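# Fold and geometry: a report
Each chain, written out:
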Amino acid sequence: MNKVNQITLLIRKYFSLFLSISLGIFLFVLFFQPFSVEGLDFNNRLIFIAGLSGITFLLMIIVKIFFSFFITDSRPQENNPGIPVFLSGLSLLVLSSVSFAFYLRYVGDIPITFFIMLKVVIICLVPPVTFRIYDIITGLKMHNDALIRERKNIQKQVEKYEEEYLNKSITFSTDNGTDSLKLQIAEVAYIRSADNYVEIVFREGDVFRKKLVRTTLKGIEKQIKDYTNFIRCHRICIINSHFVEKLVKSYSSYWISIKGIDEKLPVSRQYLLKVKEVV
């Protein structure tokens, strides 16, 4: 019963393709008349040509079912996965060509010559070639869908990692260790040099605040060296890439605008490439 259900699903999956190929052959033979059927009136000619498309339709179903459930399932494909595909196409071509030849000779009373047989083979090439193209396109779509799903999963993992990372705390200390400021990484917008101090600008709720810490920018760099989202953009400034809105070029100078605050920070050419990597 399971086999019957699988065969039914297979026919449903390929039914529109079977029908399209058969209809295409019917229209091709009808309009281009590769075989001489002048002895038949219009109605009988339509029935005769419909017989050719019907043969194609039935053979496509038989070959597809046979190779999907008997050949493919009964032999391993790890070493030569393309062999069943090749044999399926070859079998369909041979069976269609032989069936067409018998049909033309004994139903249409058409003499089988080399030229006629060549036409038959060319017409019968259409189903296997179409199936191969269809399978390739379907495989590419499935591969693309798998890549999209994988990308979404990776993106979710990255977002989760970033969220956990940004929620970590960092402590900014003075040179002598008498004072400190503890903040979450996600709160620190940028750090700027201010003579013998550094100015730490951080977000507290919806408000940006500033705090002066008696140390140097070089000392701050040592404290934040393990946090890769902090980037030096100028000799007097370090930014948190999480707050970078965009990089602006003004004449020969570059500036960074900060999210949520009307502030522009200078970017020197020495650090320009590194800044561009995160913008």
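Before going into details, it helps to say that this report is about the structure given with it.

Definitions and cut-offs
Residues numbered from 1 in each chain as written. Predicted model: local features only at pLDDT ≥ 70, side-chain atom pairs only at ≥ 80, totals over all residues. Heavy atoms only, no water. Helix = DSSP H or I, 4+ residues; strand = E, 2+ residues; numbered from the N terminus. Rg over C-alpha atoms; globule rule 2.2 N^0.38 Å. Buried < 20%, exposed > 50% of the residue type's maximum accessible area, 1.4 Å probe, protein only. Contact = heavy atoms within 4.5 Å. Areas by Shrake-Rupley, 256 points an atom, 1.4 Å probe, with all protein chains shown as cover. Patch = residues over 30% accessible without salt bridge, like charges linked within 9 Å, V, L, I, M, F, W, Y side chains within 5 Å. Salt bridge = Lys/Arg side-chain N within 4 Å of Asp/Glu carboxyl O. Phe/Tyr/Trp six-rings, centres within 6.5 Å; stacked < 30°, edge-to-face > 60°. Lys NZ or Arg CZ within 6 Å of the ring centre and 35° of its normal. Core = buried A, V, L, I, M, F, W, Y, C linked by side-chain atoms within 4.5 Å. Axes fitted to C-alpha atoms, helices over the stretch in contact; angles between N-to-C directions. Parallel < 35°, antiparallel > 145°, perpendicular 65-115°, else oblique. Left-handed = near helix turned anticlockwise from the far one by under 90°. Nonpolar A, V, L, I, M, F, W, Y, C, P; charged D, E, K, R; others polar. Pairing = 2+ DSSP bridges.

Moving on: the overall build of the protein chain. Secondary structure assignment for the protein chain yields seven helices and ten strands. For 279 residues, the compact-globule estimate of 2.2 N^0.38 gives 19 Å, and the protein chain exceeds it by more than 25% at 36 Å. Taken across its 279 residues, the protein chain has 36% of its residues classed as buried. Considering only intrachain contacts with a sequence separation of at least 6, the fraction spanning at least 24 residues in the protein chain is 52%. When the accessible area of the protein chain is evaluated, it comes to approximately 18000 Å², of which 58% is carbon and sulfur surface.

Taken together, Ile83, Phe86, Leu87, Leu90, Val94, Val98, Phe102, Tyr106 and Val107 make up a surface patch of nonpolar side chains, about 860 Å² in accessible area. Locating Leu87 in the fold gives a position in helix α3 (residues 83-106).

A separate point is the packing of aromatic side chains. Taken as a whole, this structure holds eleven aromatic pairs when the rule is applied. Relative to Phe57, the ring of Phe15 has its centre 5.8 Å away and its plane inclined at 85°; by these criteria the two rings are edge-to-face. With Phe15 in helix α1 (residues 2-32) and Phe57 in helix α2 (residues 42-74), the pair connects residues that are 42 residues apart, well separated along the chain. Every member of this aromatic cluster is reached through a ring pair, and the members are Tyr14, Phe15, Phe18, Phe57, Phe131 and Tyr134. Lying across the ring of Tyr106, Arg105 places its NZ or CZ 5.8 Å from the centre.

As a rule of thumb, soluble globular proteins bury nonpolar side chains together. Of all hydrophobic cores here, the largest spans 34 residues; its most connected members are Phe35, Phe48, Leu52, Leu104 and Phe131. Going through the elements one at a time, α1, α2, α3 and α4 (114-124) are the ones with two or more residues in this core. No other element matches α2, which puts twelve residues into this core. Discounting chain neighbours no more than four positions away, the residues touching Phe35 are Val29, Leu52, Leu104, Ile110, Ile116, Lys119, Val120 and Ile123. By size, the runner-up hydrophobic cluster in this structure holds 20 residues, among which are Val198, Ile220, Phe230 and Ile238.

Once that is clear, we can look at the packing of α3 against α4. Packing of α3 against α4 leaves a shortest axis separation of 9 Å and a crossing angle of 135°. Of the possible angle classes, the one that applies to α3 and α4 is oblique. Crossing hand, α3 versus α4: right-handed. Together, Leu93, Ser96, Ser97, Phe100, Ala101 and Leu104 of α3 and Ile116, Met117, Val120, Val121, Ile123 and Cys124 of α4 make up the contact between the two elements. Split into classes, the residues belonging to the contact of α3 with α4 amount to ten nonpolar, two polar and no charged.

Within the secondary structure layout, Arg192 lies in strand β3 (residues 188-194). The exposure class assigned to Arg192 is buried, which follows from its relative accessible area of 18%. Other than its neighbours up to four places away in sequence, Arg192 contacts Val198, Glu199, Lys210, Leu217, Ile236, Cys237, Glu263 and Leu265.

Under the counting rule described, the total for this entry stands at seven salt bridges. When the shortest N-O distance is used, the salt bridge between Lys64 and Asp135 registers 3.7 Å. Here the residue Lys64 occupies a position in helix α2, and Asp135 occupies one in helix α5 (residues 126-166), the gap between them amounting to 71 residues. Assessed through its relative accessible area of 24%, Asp135 is described here as partly exposed.

To continue, consider the side chain of Ser257. By secondary structure assignment, the location of Ser257 is in strand β9 (residues 253-258). For Ser257, the contacting residues outside a window of four places in its chain are Phe243, Val244, Glu245, Lys246 and Glu263.

With antiparallel pairing, five strands are arranged side by side in an open sheet as β5-β4-β3-β7-β6. Where the open sheet ends on each side, the last strands, each with one partner, are β5 (207-213) and β6 (230-234). Shown here is a sheet whose adjacent strand axes are inclined to one another by a mean of 20°, direction ignored. Here β3 pairs with strand β4 (residues 197-204) via six bridges, running antiparallel. Residue pairing in the sheet places Arg192 in a bridge with Glu199 of β4.

From the geometry alone we can't say anything about function, so treat these as descriptive.
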